[in-house]
Protein chains: 2
Amino acid sequence: MEREQLLKLDNQLCFAVYALSREITKIYRPHLEELGLTYTQYVTLLALWEEDDITVKELGARLYLDSGTLTPLLKRLEQMGLIRRVRDVKDERNVLIQLTEQGKALKERAYEIPEKVFCHLGLDPQEISQWRKQLTQLTHTIQQFKSEE
Amino acid sequence: MEREQLLKLDNQLCFAVYALSREITKIYRPHLEELGLTYTQYVTLLALWEEDDITVKELGARLYLDSGTLTPLLKRLEQMGLIRRVRDVKDERNVLIQLTEQGKALKERAYEIPEKVFCHLGLDPQEISQWRKQLTQLTHTIQQFKSEE
DNA sequence: TAAGATTAAATTGTGCACAATTTGTTTATG
DNA sequence: CATAAACAAATTGTGCACAATTTAATCTTA
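This structure is a prediction, so every number in the text was calculated from the model and none was measured. (Residues numbered from 1 in each chain as written. Chains lettered and ligands numbered in written order. Predicted model: local features only at pLDDT ≥ 70, side-chain atom pairs only at ≥ 80, totals over all residues. Heavy atoms only, no water.)

**Q** So what's going on with the pattern of salt bridges? Which residues, and what values?
**A** Where charged atoms from two side chains of opposite charge come close, those side chains can pair. Scanning the entire structure with this criterion turns up 18 salt bridges over all chains. Between Asp10(B) and Arg62(A) there is a salt bridge, with its nearest N and O atoms 3.3 Å apart. Of this pair, Asp10(B) sits in the loop between helix H1 (3–6) and helix H2 (13–35) while Arg62(A) sits in helix H4 (residues 56–63), which puts the two residues in different chains. Accessibility expressed as a relative area gives 27% for Arg62(A), which makes it partly exposed. (Salt bridge = Lys/Arg side-chain N within 4 Å of Asp/Glu carboxyl O. Helix = DSSP H or I, 4+ residues; strand = E, 2+ residues; numbered from the N terminus. Buried < 20%, exposed > 50% of the residue type's maximum accessible area, 1.4 Å probe, protein only.)

**Q** Pulling in residues and values, what's your account of the sheet that holds strand E1 (residues 54–55) of chain A?
**A** Residue and element names in this part refer to chain A. Read across the open sheet, the 3 strands follow the order E1-E3-E2; overall the sheet is antiparallel. In the strand order of this sheet, the two ends are held by E1 and strand E2 (83–87), each with one partner. Bridge count between E1 and strand E3 (residues 95–99): 2 bridges; the pairing is antiparallel. When the bridges of E3 are listed, Thr55 appears paired with Leu96. Across the sheet, helix H5 (residues 67–79) touches E2 and E3, and the angle it forms with E2 is around 120°. (Pairing = 2+ DSSP bridges. Contact = heavy atoms within 4.5 Å. Axes fitted to C-alpha atoms, helices over the stretch in contact; angles between N-to-C directions.)

**Q** Lay out the protein's contact with DNA strand D with the relevant residues and their values.
**A** Surrounding DNA strand D, one finds 29 residues, the nearest of these being Tyr18(A), Ser67(A), Lys75(A), Arg85(A) and Arg76(B). Within 4 Å of the protein, the atoms of DNA strand D are drawn from sugar and phosphate moieties in a proportion of 80%. Within the contact set of DNA strand D, a phosphate oxygen lies 2.7 Å away from a side-chain nitrogen or oxygen of Lys75(A). Within the side chain of Thr38(B), a nitrogen or oxygen atom sits 2.8 Å from a phosphate oxygen of DNA strand D. Taken together, the elements giving at least two residues each to the surface near DNA strand D come down to helix H2 (13–35), H4, H5 and E2 of chain A together with helix H3 (39–50) and helix H5 (67–79) of chain B. Within the surface near DNA strand D, the residues separate by chemical class into 6 nonpolar, 10 polar and 13 charged. (Near = heavy atom within 4 Å. Polar contact = N/O pair within 3.5 Å; in protein donor to acceptor, adjacent residues only side chain to side chain. Nonpolar A, V, L, I, M, F, W, Y, C, P; charged D, E, K, R; others polar.)

**Q** So, the packing of helix H3 (residues 39–50) of chain A against H2(B): which residues are in play, and what are the values?
**A** Packing of H3(A) against H2(B) leaves a shortest axis separation of 12 Å and a crossing angle of 115°. Here H2(B) runs roughly perpendicular to H3(A), going by the angle between their axes. Every pair of crossing elements has a handedness; the one defined by H3(A) and H2(B) is left-handed. Residues Tyr39(A), Thr40(A) and Val43(A) of H3(A) pack against Cys14(B), Phe15(B) and Tyr18(B) of H2(B). Broken down by class, the residue content of the contact of H3(A) with H2(B) amounts to 5 nonpolar, 1 polar and no charged. (Parallel < 35°, antiparallel > 145°, perpendicular 65-115°, else oblique. Left-handed = near helix turned anticlockwise from the far one by under 90°.)

Listed below in structure tokens is the structure:
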């Protein structure tokens, strides 16, 4: 790429992803508000609805977040009555995250979220699926790159 | 999509973009640290290196950020001596953002950032370019959708 | 031209996001 | 066994990100 083009904002993949991520979050926000959740709380619950009773560490690996972000977030979800934080008796370094009945029940109300969000955006589901796969692949590539350093 | 698949984390485009955005930022961080910049400060300067002497409003439209985020960020850049914040004498509601000589000079050192970041990632520049265009298009689609509501 | 509407920044308050450090537990090793 | 190394969460501190509100300037229009 030409030197002159190298620093143009619209030529940065990083900015395209960064801007899109925030715009997508803004689309979710009003719908999530009805469930009383922030966006990060929502994806945390998505992970837990798939696999329950896992450690903060495992949850962090799934979401690419560390304990600095997760600990206060999980305390909020606990205060809302959606999860429990339990020290693992077998290894007291670990804290297990368990959905409460209320937390499990919220899943039923959450099904409408992805439906509502993409309902009127006029996007081809197949195309979206392809992008998703490619972006996930790129995330993994970066992850691998980091661990090689 | 099957109801059972609807809430799976790995089926969410939103999560793919959200995770990728944060992973990309983590790649930039150590390189930007050498320039003493955060990621958002960096993209703000990218915008200003393209077009200087613009209002906070215009800068916000370019970056999809509002004054709540920009005002404190711009104050920090001002303290670093990279920009000036000047009330527009023609319309005192506006604040014009102007690069200082030091801010303009930093551009020379910034050229190495995109080079370093993608140097060893083994990504095809053409492919990246295509993704960037598609992601930007999707951001615009969402923007348009929001303004129609 | 005065009152209300509109606009741009700034402010306030909440919640991430993450680096760096601390605390407490477990494992490895001399 | 003791002690160092490794490990998982929690804590601390900085900087976004954004909704909601406030402040101050400008525009509209009756």
